[in-house]
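# Summary of structural features
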Amino acid sequence: YAALNAQANQVAHYLQKQGVKPEVIVGLCVPRSPAMIVGLLGILKAGGAYVPLDPTYPPARLQLVLADAQVSVLVTQPQLLETLPDHPAELVCLDEEWFATVDACPDVDAPSDDVRAAVTPEHLAYVIYTSGSTGRPKGVAMPHRALTNLLCWQQESAIAPASRTLQFTSLSFDVSFQEIFATLTAGGTLVLVSDRDRRDPFVLSNVLCEKAIERLFLPFSALQSLAEVIDSTGVVPSHLREAITAGEPLRISPAIARWFERMPQARLVNHYGPTESHVVTSFLLDASVSAWSSSPPIGTPIANSRVQILDRQLQPVPIGVAGELHIGGICLARGYLDRPDLTAERFIADPFEPDARLYRTGDLARYLPDGTIECLGRIDHQVKIRGFRIEPGEIEAVLGRHDRVRQCAVVVREDTPGDRRLVAYGVADSVVESRSLKLHLQQHLPNYMVPSAIVLLDSLPLTPSGKIDRKSLPAPQIQQDKTAIAPPKNHLECQLIRIWESALNVRPIGIEDNFFDLGGHSLLAVKILTAMDREAGVNLSINQLFEQPTIASISEAIAQQTLPDPAPCIVPLKPGNPEKPLFLIHAIGSSILFYEPLVARLQTDRVIYGIQSVFLKDPNSSVNTVTDLAECYVRQIEAVCPQGSLAIGGASFGGLVAYEVARQLAQRGRAIDALILFDRAVPGSCQPASVTRRYQRHFQKLVKQGPSYLLAKVKHRLTSESSRVRADFAKAQNALLKDLKQPGQKYLGEDIVNRQTQMGDAYIPSHYSGRVSLIRAAETQDDGRVYDEDLGWSKYARGGVRIQTNPGKHMSIFTLPHVETLATHVDAILQVELVRPELVQADRDRSHSAS
């Protein structure tokens, strides 16, 4: 706690120097890490209010929030700078280098002692954005008074305030405040979990046991997934004493009931409260599990909160009669940031108490005879999916902005019990694919708001009054070409087909059909994996299902489990034609999953493989050069693809390895359809920039980043420029891939990253028979060096260099929106590139002569 407080104080002092004070909104865009907690505390200690910016959101969404909240200071980390949208905010990049620089520079005036800020209970604490029915998200402005009240009540009502609490929810979800501060203010232990691990209930179940978690906050859908895993594995988190669910209606399923029957020491609590008030009611399920209602009530108001159930004339309704639930008391938010019209519509004058307000929730509710409140659903179309509040109107507004969509509607369907998902329906004025519409939505909306299916119709059904008849919209159907269905080859595949057809409600399914293309998602994955384990003895994780999303690949993996793996570094990323594979080689890190956005958008019919680092499987490998590394990968490629032509690609350091792999394969007589290098220069091919250019670059960064740029130069002097750039890239990729790592998988340590960096520096290319297809980032690296247009490859590629320029920077070419253009370039290259046979033969003759 002392170290946490000291670092938060340093951040707070620094922020105050940047003008942060009460009512100043500070952006917070930091991955799930201790730095996230330090940044959060630092902003509040400085007197400011925070607005959470989820790093996984598309740039367009982040840009909208930054502009709407008028963020003047943004707390982030260096590895996220590439993916952040352009904005005028002052950047504060929290990492070890920042704290080292602050400690080394007394002039910075960022001491670690406590901070003074003239904050009152009425000042702003945070602004959290929620979905808006008009197509524009709205920021809920929450003052300190309401949150202090919530924390005081939480401490009094908790079974163990100073407990070990899992930090599960995103900062963009208001429950995160309750998780973090209800724990820290009581002196408890806050256990962080990676974004990838928290999404996998199998891994999460292990975390609860291994970390001895005592308190858990999570929405019903996550509680249900966890219960199903515990039900199937029989592993009960014995330390758990309190599970608190909020964000969506609680239903007591058989799996949840069995879970809590086995944990008599634990209690289940149902909280209710919209973002506009945070928690306002609570219900403790304290009777025996057998007496629990399948749909528990939301309980009674917490301290200093009032709940009124009123009719359309704002009059109280009798017990048992449904009305709209209204909230009053000090729990209320101020309203919506800079939206006085919307605030006046939803926050109304309290007809029963002078000078007080009520918030109209839009939820239908009624009093039960015992005084508790039962929630009955919505008056409007607002929905909740996996704890997130969603206005279908916002999705419809974004979809309607597509230039080919004439009319659209978005609804929640539950065609399979317990499987609630968003489905979009559209009418287009010309031929358009559902896939392109989905990509359009992904560029503007968070993942949780992107429909799982988009159905294109000739027209939308209408009611007699001319409105869209949402109840008559058809269930989405997966169009399966029965002639192309790959039949099962053994009993196991027959079992898996039956399980998949039952869970996905799609028939027929072939062994080559992709789980996610069939409408699968993370919650369905839990059910399928549980059923596969129970009925077929197949034990996989969600991450393994991602890597092997077809029944054929699962069956093959199981068949090979008892055999030595001839290609341990090769992972299938996308099924396709096995006679013309594409191999994508890792960059400076270990994983190849950062290629996933590109792979998902490629139109090529080739099977696509990723090659992960040999050091991931064997950290003590004796490989010490790029040539040796390429030889290792060539052997594995030949084990997977012993004959025929193939294509190779690699990003950054992986570009050097890809070049050497292609060169060695060509020497062995293999036809290389394409060698694609993503923004990789030949080592030593760049020249230092002129003095004038360097001064211009420093001045531009000083204007953009302010004094923090000069402070960073203190430590910057201690290392060479080239080493710093490589280290920055390694750190950035490490952060990018950290959330994608597999359970139990080690990420490469810094010593191995440095080892690969040295291998890249020492690599001297030999001549290659074919052509190099070079895709350069349009925004060159700002590292003070000058690069030739071909990045030095014309000297070595006998077939020439074909150069394409892609929007974005060195790493951001693989993220939205730039990855769309990148996929187009790669598809074009794969269609036209061929190695020149006469040069292959010439190189082979030269090699034999040398021998």
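Residues numbered from 1 in each chain as written. Predicted model: local features only at pLDDT ≥ 70, side-chain atom pairs only at ≥ 80, totals over all residues. Heavy atoms only, no water.

Check the secondary structure of the protein chain and you find 27 helices and 33 strands. Residues classed as buried in the protein chain amount to 56% of the 851 residues present. Partitioning the contacts of the protein chain with sequence separation of at least 6, the portion at a separation of at least 24 is 73%. By element, 51% of the accessible surface of the protein chain is carried by carbon and sulfur atoms, the whole surface being about 36,100 Å². (Helix = DSSP H or I, 4+ residues; strand = E, 2+ residues; numbered from the N terminus. Buried < 20%, exposed > 50% of the residue type's maximum accessible area, 1.4 Å probe, protein only. Contact = heavy atoms within 4.5 Å. Areas by Shrake-Rupley, 256 points an atom, 1.4 Å probe, with all protein chains shown as cover.)

The linkage connecting Leu816 with the following residue, Pro817, adopts the cis geometry, with an omega of 0°. By the element assignment, Pro817 lies in the loop between strand S33 (801-806) and helix H26 (818-832). Its identity as a non-glycine residue notwithstanding, Asp679 has a phi of 55°, on the positive side. With respect to the secondary-structure elements, Asp679 resides in the loop between strand S29 (672-678) and strand S30 (687-688). By relative accessible area, Asp679 is classed as buried at 10%.

The next point concerns the side chain of Gln77. If you trace the backbone, Gln77 turns up in the loop between strand S3 (73-76) and strand S4 (90-93). In this structure Gln77 comes out as buried when scored by relative accessible area, which is 10%. Of note is the side chain of Gln77, whose polar atom sits 2.7 Å from the backbone oxygen of Leu94. Other than its neighbours up to four places away in sequence, Gln77 contacts Cys29, Val30, Pro31, Ser33, Ala35, Cys93, Leu94 and Asp95. (Polar contact = N/O pair within 3.5 Å; in protein donor to acceptor, adjacent residues only side chain to side chain.)

Taken together, the 5 bridges between strand S18 (residues 357-367) and strand S19 (residues 373-378) define a ladder with antiparallel strand orientation. Bridge pairing in S19 links Arg366 to Glu374. (Pairing = 2+ DSSP bridges.)

Turning to the confidence of the model for the protein chain, a few remarks are in order. Across the protein chain, the average pLDDT comes to 83, with 84% of residues at 70 or higher. The least confident element of the protein chain is helix H24 (residues 721-738), whose mean pLDDT is 44; the most confident is strand S2 (residues 49-52), at 98. Ignoring residues within four places in sequence, the model shows residues 714-747, a span with pLDDT below 50, making 60 contacts including any to other chains. Note that residues 833-840 has pLDDT below 50 and, in this model, 20 contacts with residues that lie over four places away or in other chains. (pLDDT = per-residue confidence, 0-100.)

Attention now moves to the environment of Phe583. Relative to the helices and strands, Phe583 is located in strand S26 (residues 577-585). With 54 residues separating them along the chain, Phe583 and Ile637 place their C-alpha atoms 8.3 Å apart. If near-sequence neighbours (up to four positions away) are discounted, Phe583 is found in contact with Ile570, Tyr609, Ile611, Ile637, Cys641, Leu646, Ala647, Ile648 and Gly649.

Before going further, it helps to spend a moment on the sheet that holds strand S27 (residues 606-611). Reading across from one edge, S25-S27-S26-S28-S29-S31-S33 is the order of the 7 strands in this open sheet, with mixed pairing throughout. Pairing within the sheet leaves two strands with one partner each, and these edge strands are strand S25 (570-574) and S33. Direction aside, neighbouring strands of the sheet carry axes that sit 25° apart on average. Summarising the sheet, strand S31 (residues 772-777) and S33 pair through 6 bridges and their orientation is parallel. Bridging across to S33, Ala777 finds its partner in Asn806. Contacts between helix H21 (residues 653-667) and the sheet are confined to S26, strand S28 (646-651), S29 and S31, with S28 contributing the most and set at about 155° to the helix. (Axes fitted to C-alpha atoms, helices over the stretch in contact; angles between N-to-C directions.)

Turning our attention to the nonpolar core. Membership of the largest hydrophobic core comes to 61 residues, with the highest contact counts inside it found for Leu15 and Val75. Aside from chain neighbours lying at most four places away, what touches Leu15 is Val20, Gly42, Ile43, Ala46, Val73, Val75 and Val92. Listed in part, the 47 residues of the second largest apolar core include Val614, Tyr633, Ile637 and Ala797. (Core = buried A, V, L, I, M, F, W, Y, C linked by side-chain atoms within 4.5 Å.)

Take the pattern of salt bridges next. Within the structure shown, the criterion is met by 19 salt bridges. One salt bridge in this structure joins Arg198 and Asp195, with 2.7 Å as the shortest N-O distance. You can see Arg198 and its partner Asp195 sitting in helix H7 (residues 195-199), 3 residues apart, about one turn around the helix. In this structure Asp195 comes out as buried when scored by relative accessible area, which is 10%. Among the salt bridges present, the one from Asp231 reaches Arg258, with a minimum N-O distance of 2.6 Å. Here Asp231, found in helix H9 (residues 220-233), pairs with Arg258, found in helix H10 (residues 254-261); they are 27 residues apart in sequence, far enough to count as distant. Several salt bridges converge on common partners, so that one network encompasses Arg306, Asp350 and Glu353. (Salt bridge = Lys/Arg side-chain N within 4 Å of Asp/Glu carboxyl O.)

Evaluated as defined, the whole model comprises 16 aromatic pairs. Seen from their ring centres, Tyr50 and Tyr126 are 5.6 Å apart, and the 55° between their planes marks the pair as tilted. Here Tyr126 lies in strand S5 (residues 124-130) and Tyr50 lies in strand S2, a separation of 76 residues in the sequence. Residue classification places Tyr50 among the buried residues on the basis of a relative accessible area of 1%. Measuring from centroid to centroid gives 5.6 Å for Tyr595 and Phe814, while their planes differ by 80°, and the two rings are edge-to-face. (Phe/Tyr/Trp six-rings, centres within 6.5 Å; stacked < 30°, edge-to-face > 60°.)

Angle between the axes and distance between the axes: these two values describe a pair of packed helices. Interhelical geometry of helix H12 (residues 392-400) versus helix H13 (residues 434-442) gives an angle of 115° and a closest axis separation of 9 Å. Judged by the sense of rotation from one axis to the other, the crossing of H12 with H13 is right-handed. Across from Ile395, Val398 and Leu399 in H12, the residues of H13 making contact are Leu437, His440 and Leu441. Of the residues in the contact of H12 with H13, the class split is 5 nonpolar, 1 polar and no charged. (Left-handed = near helix turned anticlockwise from the far one by under 90°. Nonpolar A, V, L, I, M, F, W, Y, C, P; charged D, E, K, R; others polar.)

Moving on, we come to helix H2 (residues 34-45). With 12 residues, H2 ought to run about 16 Å at 1.5 Å a step, and its terminal C-alpha atoms sit 16 Å apart, in line with that. Within H2, 10 of the 12 residues are buried, which leaves it mostly tucked inside the rest of the structure. Within H2 the residues assigned to the buried category are Ala35, Met36, Ile37, Val38, Gly39, Leu40, Leu41, Gly42, Ile43 and Leu44. (Expected span 1.5 Å × (residues − 1).)

Following both chains from N to C, one finds helix H5 (residues 144-157) and helix H6 (residues 175-184) inclined at 60°, their axes separated by 10 Å at the closest point. As summarised for this structure, H5 and H6 are arranged oblique, according to the angle between their axes. H6 is crossed by H5, and the crossing has right-handed handedness. Between H5 and H6, the contacting residues are Leu147, Leu150, Leu151, Gln154 and Gln155 on the first element and Phe177, Gln178, Phe181 and Ala182 on the second. Across the contact of H5 with H6, the residue classes break down as 6 nonpolar, 3 polar and no charged. (Parallel < 35°, antiparallel > 145°, perpendicular 65-115°, else oblique.)

Turning to the pairing of S2, a few remarks are in order. Where burial is concerned, the two faces of S2 agree: the one with Ala49 and Val51 and the one with Tyr50 and Pro52 are both buried. Pairing of strand S1 (residues 25-28) with S2 involves 4 bridges; the strand directions are parallel. Following the sheet pairing, Leu28 is matched in S2 by Pro52. With H2 bridging S1 and the parallel S2, this β-α-β connection has right-handed handedness. (Right-handed = clockwise from strand over helix to strand, strands pointing away.)

Another point: the side chain of Ser253. Positionally, Ser253 belongs in the loop between strand S10 (242-245) and H10. Looking at Ser253, its side chain comes within polar contact range of the side chain of Gln224, at 2.4 Å.

As a further point, take the environment of Arg507. When you line up the elements, Arg507 lands in the loop between helix H14 (491-504) and helix H15 (522-536). Taking the C-alpha atoms as reference, Arg507 lies 9.3 Å from Ile497; in sequence the two are 10 residues apart. Look past the residues within four positions of Arg507 in its chain and what remains in contact with it is Glu501 and Ser502.

On to the environment of Leu240. Its location among the elements puts Leu240 in the loop between H9 and S10. Separated by 31 residues in sequence, Leu240 and Cys209 place their C-alpha atoms 8.6 Å apart. Apart from the residues within four sequence positions on either side, Leu240 is in contact with Ile213, Glu214, Arg215, Leu216, Trp259, Met263, Gln265 and Ala266.

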